[in-house]
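# Coordinate inspection notes
One-letter residues, chain by chain:
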Amino acid sequence: MSLAIGIDIGGTKVAGGVVDEEGNVLVRARRDTPHRSKRPRVVEDTIVDVVEELRSQRPDVAAVGIGAAGFVAADRATVVFAPHLSWRHEPLRDALSKRIDTPILVENDANAACWAEWRFGAAQGESDVVMVNLGTGIGGAILMHGELIRGRYGIAGEFGHMQVVPEGQRCECGNRGCWEQYASGNALVREARAMILANSPVATDLAARVDGRADELTGPIVTEAARDGDATATELLAEIGHWLGIGIANLAAAFDPGTFVIGGGVSAAGELLLGPARENFRRRLTGRGYRPEAQIVAARLGNEAGLIGAADLARNESSA
């Protein structure tokens, strides 16, 4: 049995696991992500610490895969830009190779998650997949004919920054009207908090859940309220689903996949989100009524998809 370590680096956590050839996570380790104002070396220290802990329990690993939240160059060695970390053109693979005596691969975290869902999760058996990860923003990945599509510079799949509303909401990227300003966790929370701050009578239940403190409202709280039958929370999730469907219809026009996999924290809302997304996708799909319609399904592997995919990709490359 060939084992590999997968590491998933996000803005708040560095999660790792030893993964077998079936996609099972056998051993886990986790650390908080150091603050992005610190030196790149501090994050590397954390990665090495997680790898060492995992190898102390399973020393027979063949490779280490790193899934990084950021732009990863086509060489799968360099993190060009990571907004939540202090990496700018960081030669991560080379830096870690000096400290870890195992083959190392660096991959974008959304690509790694998409690979995992294709190999072991919701997209098994599908040849052409687009994954959309709804979290704080929107990340994405493209897999065609069983191959990840990374683009000329390695940065394909940044769907969150497609413009869907000309001169719309200002985005952190500097542009206006980006998709993630309308179909992400940030968008959901922004709209819910605005209703509480406006003392809207239809936001009474949401306000009560945070004792009127709008800044304490989170996406999971909105989702919980919707599951409990709160009409406003349900409407807010449906609006996110509406915009999700618009973006997916655009992606269908560009890539024509057989399956869209929806992952990320917001996808925990399930059909409260995906139902409206499918409905609006059908209404917006180019050539609707005259073409096959892609499936829109929820991811199955949850928060571990990134580390599972990173491990599997690293194992495959080391054995090639």
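What this report covers is the structure whose coordinates are included nearby. (Residues numbered from 1 in each chain as written. Predicted model: local features only at pLDDT ≥ 70, side-chain atom pairs only at ≥ 80, totals over all residues. Heavy atoms only, no water.)

### Describing unusual backbone geometry
Which entries qualify depends on this criterion: Each helix is a run of DSSP H or I of at least 4 residues and each strand a run of E of at least 2, with the numbering of both proceeding from the N terminus.
With a phi close to 50°, histidine 89 is a non-glycine residue in the positive phi region. Positive phi values are uncommon outside glycine, yet asparagine 199 reaches one of about 55°. The topology assignment puts asparagine 199 in the loop between α4 (185–197) and α5 (204–209).

### Digging into helix α3 (residues 109–120)
As a reminder of what qualifies: To estimate the expected span of a helix, subtract one from its residue number and multiply by 1.5 Å. Remark: exposure states derive from per-residue accessible area (1.4 Å probe, protein chains only) relative to the maximum for the residue type, with buried under 20%, exposed over 50%, and partly exposed in between. Here, two residues are considered to be in contact whenever any of their heavy atoms come within 4.5 Å of each other. Here a polar contact means two N or O atoms within 3.5 Å. Within protein one must be a hydrogen donor candidate and the other an acceptor candidate, and residues neighboring in sequence count only if both atoms are side-chain atoms.
Under the 1.5 Å per step criterion, the end-to-end length of α3 is 16 Å for twelve residues, consistent within 8% with the ideal 16 Å. Extensive coverage of α3 is indicated by the burial of nine of its twelve residues. Taken residue by residue, α3 has Ala110, Asn111, Ala112, Ala113, Cys114, Trp115, Ala116, Glu117 and Phe120 as its buried positions. Contacts from the buried residues of α3 go to β8 (104–108), β9 (129–134), β10 (138–144), β11 (147–148), β12 (259–263) and α9 (305–319). Where α3 begins, one side-chain oxygen reaches toward the backbone nitrogen of alanine 110, 2.9 Å away; that side chain belongs to asparagine 108.

### Structural notes on the sheet that holds β9
Note the cut-off: Strands were regarded as paired on the criterion that DSSP finds at least two bridges between them. Working convention: axes come from line fits to C-alpha atoms, limited for helices to the stretch in contact. Angles between N-to-C directions cover 0 to 180 degrees.
Pairing is mixed in the open sheet, where five strands are placed in the order β11-β10-β9-β12-β13. Two strands lie at the open edges of the sheet, namely β11 and β13 (295–298), each paired on one side alone. The pairing of β10 with β11 spans two bridges and is antiparallel. Each residue of the ladder has a partner; that of methionine 144, found in β11, is glutamate 147. Running at roughly 50° to β10, α3 makes contact with β9, β10, β11 and β12 of the sheet.

### Side note on the pairing of strand β1 (residues 3–9)
The buried count for β1 comes to seven of seven residues, which makes it a mostly enclosed element. Residues Leu3, Ile5, Ile7 and Ile9 of β1 are buried on one face, and the alternating residues Ala4, Gly6 and Asp8, pointing to the opposite face, are buried as well. The pairing of β1 with strand β4 (residues 61–68) spans six bridges and is classified as parallel. Paired with aspartate 8 across the bridge in β4 is glycine 67. Pairing geometry for β1 and strand β2 (residues 13–19), over six bridges, is antiparallel.

### Some words on the pattern of salt bridges
This is how it is decided: A side-chain nitrogen of Lys or Arg and a carboxyl oxygen of Asp or Glu constitute a salt bridge if their distance falls within 4 Å.
Applying the stated rule across the entire model yields 22 salt bridges. Between aspartate 45 and arginine 99 there is a salt bridge whose closest N-O contact spans 2.8 Å. Of this pair, aspartate 45 sits in helix α1 (residues 40–57) while arginine 99 sits in the loop between α2 (92–97) and β8, and the two are 54 residues apart along the sequence. The salt bridge partner of aspartate 312 is arginine 315, with a shortest N-O separation of 3.1 Å. With a gap of three residues between them, aspartate 312 and arginine 315 both fall in helix α9, about one helical turn apart. For aspartate 312, a relative accessible area of 1% gives the class buried. For arginine 315, a relative accessible area of 5% corresponds to the buried category.

### Some remarks on the sheet that holds strand β5 (residues 71–72)
Spatially, the three strands line up as an open sheet ordered β5-β6-β7, and their pairing is antiparallel. The sheet is open, and its two borders are formed by β5 and β7 (88–90), each paired with just one other strand. Relative to strand β6 (residues 79–81), β5 is paired through two bridges, and the arrangement is antiparallel. Bridge assignment links valine 72 to a residue of β6, and that residue is valine 79.

### Quick notes on the environment of alanine 208
Within the fold, alanine 208 resides in helix α5. Separated by twelve residues in the primary sequence, alanine 208 and isoleucine 196 have C-alpha atoms spaced 9.6 Å apart.

### With respect to the packing of aromatic side chains
Cut-off, in case you're wondering: Pairs were defined over the aromatic rings of Phe, Tyr and Trp, the Trp ring being its six-membered one, requiring ring centres within 6.5 Å. Orientation was assigned from the angle between planes: stacked under 30 degrees, edge-to-face over 60, tilted for the rest.
Per the counting criterion, the structure on display carries five aromatic pairs. Geometrically, the ring pair formed by phenylalanine 159 and phenylalanine 255 is tilted, given 6.3 Å between the ring centres and 50° between the ring planes. Taken as a pair, phenylalanine 159 in the loop between β11 and α4 and phenylalanine 255 in helix α7 (residues 231–255) lie far apart in primary sequence, 96 residues in all.

### Quick word on the nonpolar core
Applicable threshold: Among buried residues, the Ala, Val, Leu, Ile, Met, Phe, Trp, Tyr and Cys ones that are joined through side-chain atoms within 4.5 Å form a nonpolar core.
Ranked by internal contacts, the top residues of the largest apolar core, which has 47 residues, are Val132, Trp179, Leu244, Phe260, Ile262 and Phe281. Only β9, β10, α4, α5, α6 (219–227), α7, β12 and α8 (271–284) provide two or more residues apiece to this core. Among the elements that take part in this core, α7 stands out by supplying eleven residues, more than any other. Apart from residues no more than four positions distant in its own chain, valine 132 is found in contact with Ile138, Gly139, Phe159, Trp179, Leu244, Leu251, Val261, Ile262 and Gly263.

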